Structures are given as structure tokens and as C-alpha cells.
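# Coordinate analysis (summary)
For reference, the chains in residue letters:
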There are 2 protein chains.
Amino acid sequence: MLKQETLSKNQQIVLDYIEKVNEPIKAYSILHNVQKKGIKAPLQVYRALDKLVEIGKIHKIESKNAFVACKNSNCQISKATAFSICESCEEVSEISDSKLSKYLKNFQDKAGMKFNKYNLEFFGLCKKCSIK
Amino acid sequence: MLKQETLSKNQQIVLDYIEKVNEPIKAYSILHNVQKKGIKAPLQVYRALDKLVEIGKIHKIESKNAFVACKNSNCQISKATAFSICESCEEVSEISDSKLSKYLKNFQDKAGMKFNKYNLEFFGLCKKCSIK
DNA sequence: TGTTAATTGTTATAATATAACATTGTGTAA
DNA sequence: TTACACAATGTTATATTATAACAATTAACA
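Procedures and definitions
- Residues numbered from 1 in each chain as written.
- Chains lettered and ligands numbered in written order.
- Predicted model: local features only at pLDDT ≥ 70, side-chain atom pairs only at ≥ 80, totals over all residues.
- Domains from an automatic or database assignment.
- Contact = placed C-beta atoms within 7 Å.
- Nonpolar A, V, L, I, M, F, W, Y, C, P; charged D, E, K, R; others polar.
- Core = buried A, V, L, I, M, F, W, Y, C linked by C-beta atoms within 7 Å.
- Buried ≥ 20, exposed ≤ 12 C-beta atoms within 10 Å, placed from the backbone.
- Helix = DSSP H or I, 4+ residues; strand = E, 2+ residues; numbered from the N terminus.
- Pairing = 2+ DSSP bridges.
- Axes fitted to C-alpha atoms, helices over the stretch in contact; angles between N-to-C directions.
- Least-squares fit on C-alpha atoms with pLDDT ≥ 70 in both.
- Parallel < 35°, antiparallel > 145°, perpendicular 65-115°, else oblique.

Residues and elements named next belong to chain A. Domain assignment breaks chain A into domain 1 (9-69) and domain 2 (80-131). Distance between the C-alpha centres of domain 1 and domain 2: 22 Å. At the junction of the two partners, domain 1 supplies seven residues and domain 2 supplies six residues. Of the residues assigned to the side of domain 1 that touches domain 2, the class counts are three nonpolar, two polar and two charged.

Right, let's talk about the nonpolar core for a bit. Counting residues in hydrophobic clusters, the biggest one holds 62 residues, and the most contacted among them are Val14(A), Ile18(A), Ile58(A), Val14(B), Ile18(B) and Ile58(B). Every residue in contact with Val14(B), bar those within four places of it in the chain, is listed here: Ile30(B), Val34(B), Val45(B), Ala48(B), Leu49(B) and Leu52(B).

This part covers the interface of chain B and chain A. With 29 residues of chain B in contact, the opposing surface of chain A contributes 29 residues. In terms of residues, the side of chain B that touches chain A owes the most to one element, strand 5 (residues 114-125) of chain B, which gives twelve residues. Residue composition of the side of chain B that touches chain A, by class: 13 nonpolar, eight polar and eight charged. Relative to strand 5 of chain B, strand 5 (residues 114-125) of chain A runs antiparallel, the two sharing eleven bridges. What sits directly across from Phe115(A), in strand 5 of chain B, is Gly124(B).

Read across the open sheet, the six strands follow the order 4(A)-3(A)-5(A)-5(B)-3(B)-4(B); overall the sheet is mixed. Strands at the two margins of the open sheet, each flanked by one partner only, are strand 4 (92-94) of chain A together with strand 4 (92-94) of chain B. Ignoring which end each strand starts from, the neighbouring axes of this sheet average 20° apart. Sheet analysis places strand 3 (residues 80-86) of chain A next to strand 4 of chain A, joined by three bridges and oriented antiparallel. The residue of strand 4 of chain A that forms the bridge with Ser84(A) is Ser93(A). Against the sheet, helix 4 (residues 98-105) of chain A contacts strand 3 and strand 5 of chain A, and its axis sits at roughly 125° relative to strand 3 of chain A. Along the sheet, helix 4 (residues 98-105) of chain B makes contact with strand 3 (80-86) and strand 5 of chain B, crossing strand 3 of chain B at roughly 125°.

What follows is about the relation of the copies chain B and chain A. Least-squares fitting of chain B to chain A yields an RMSD of 0.0 Å, with the superposition described by an axial translation of 0.0 Å and a rotation of 180°. Here the two chains are linked by the operation of a two-fold rotation axis. When each C-alpha of chain B is compared by its distance to the rotation axis, Leu120(B) comes out closest, at 2.2 Å.

What follows concerns the packing of helix 1 (residues 9-21) of chain A against helix 2 (residues 27-34) of chain A. Residues and elements named next belong to chain A. Contact geometry of helix 1 with helix 2 gives a least axis separation of 10 Å together with a crossing angle of 105°. Put simply, helix 1 runs roughly perpendicular to helix 2. Between helix 1 and helix 2, the residues in contact are Ile13, Val14, Tyr17 and Ile18 and Ile30, Asn33 and Val34, respectively.

All names here are of chain B. Close contact between helix 1 (residues 9-21) and helix 3 (residues 42-54) brings their axes to 9 Å; oriented N to C, the two are set at 80°. Classed by the angle they form, the pair helix 1 and helix 3 counts as roughly perpendicular. In contact with Asn10, Gln11, Val14 and Leu15 of helix 1, helix 3 contributes Gln44, Val45, Ala48, Leu49, Lys51 and Leu52. Among the residues making up the contact of helix 1 with helix 3, the classes are represented as six nonpolar, three polar and one charged.

Written as C-alpha cells, this is what we have:
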């Protein structure tokens, strides 16, 4: 079978919603908001999320157990993700910095481990919050 | 009051166990294993874990919801953590690379955000597993 | 068309984590 | 040393996040 090119119904519903809200959102919140579209159970959401993460359409913010749409057209495979997270207003942004990603992709572990994926989460104060 | 210098009873019990197992371990697994020491409820474990993370004695592996003792005597404050995770055997190691930590500490977000903390998780195959 | 894999639907339950409240311990300053 | 503030404890209940198991349906394609 060829690699999947189009999303299934549930996958599309979940992705549409995540892209619409445009900020990290939790699985059960997604569930609550797509029930009118016919998705009734957590598993239906989690299955769609798994697939969407796998194909790089969304990312999981591990420290928040939340999901956000991918902004970088170039990280299709979701293997290299970096986020900034404001500890005050909770704003999360995907970092798109080619130098950083290059540096991390080429990082050589002393133990000789071969990496094919990483996730980096920065915490701090965003511009707005640091003024206050 | 002065800053806490000694750990409380429950904190010490939990830390002792985490240091003993020497690999990432989950909260309920800790609970199960320290019940003989008198810790009976999840909250007792989670409270100790919170404190231990806060003071840098342990770190949380976010992608695994697991906790591991800190190996770097110099990351007392738990503000800069990096781990390598084998996707095959699940082995987790703390990365102690001064170049990497320097690079990340000094990383400047384009949006002008001021970072005071980060967590980085690399995934790949460890030496043993990549031979197989 | 038959076969295989992906997707769906559904119920139940596992695993992770916190709320709320009463009580006890501990450092320190009056 | 008493009294205050705060950290830590103990306990019950519950919230939140995620998966197991199984049956049915749909989609791709040799």
C-alpha cells in the first residue's frame, strides 16, 4: 500500500480544530470541542493525535500534555522540535531557528549514541510578561 | 527561616529509592516500593518528588513521566537538563556536556524571550542496540 | 474479488496527578 | 519559652491523561 496521503475523517476533524485554536490544547479539551462533529470517545481523539504526531502535522508539548499544530513547513517528520514556553502567561511558540536545529541534529553524544530525534523545551518569560 | 538544608523524612525515603534504582522510575512504582517505609499514598510520593525536582536532586523525564536522580553535581537547580533516550531498550542517560549546556544557556530566541530553564530529550539507539 | 491494513466505534479500565482539609513538626524571633 | 509562620505529613476523594480489548467497517490494491 502507498503511504497515506489524505487524512481520515477523524484525523481531519482533530487537525482542523487544533489548527483553528492555534495554541496548545489538551486531548480532553479537543474531545469536548469536536463532539458536535461526531467524535464521542477519548480513544478516537488519541488515535487521531497519534497519527498526526507521527506524520508531523502536530507536536506534543511534553511538559504540558498538550498538542499544537506544526508551524514549520520543514519539520514534516516531527523529528526535531523546539518550543519556548512562558512560565507566566503559558504562551507556547515553536522555535524555528536553523542554527539551533543544525547544532542539535549534529550533536554527538559522548557515549556514541546515534540520535534521530529530539525535543527541546525552553522556559522563561515572554516579552509581554517580562515588562510587567 | 533559613533555606532547607536537610531533607524531610519522606523526601529522603523517596530520594534514597530513586538513587538506588539508578534509572528512571515512575511515581506509582516508587509508591509501591516505599510502602514498607511507611509511605502510603500517592500524594506523599508526589509531594516529595516535587520538592526533589525543585531542589535539583532529581529530574523528570517528561516524555516518560518518570523520575531519575541527578548525576551532575553542578546542576543543583535543575534548570538545564538534557537526556538521551534509547528507543529500543529505553535506557535513559543524563547528558553532561558543557559545550551543549553553554550553547543552550546562551541561546537567544528571535522573539526576545528570556529563558531561565530548558529541558532537552534526545531519542535514538544506544550503542548496544545499534549493533543488533 | 479476495486480501491486507487502516480506521472506526464502543465499553471499560489503567495510569498519572491534584484538591481539600485537618494535623503535626520545626526554625526563629519576641 | 512561647508564639508565630511555614513546611511537611496523613488521609480520603477525585480529577486528568491515556490505553486495553474486541467487533465492525472502510480503503487500497495485487
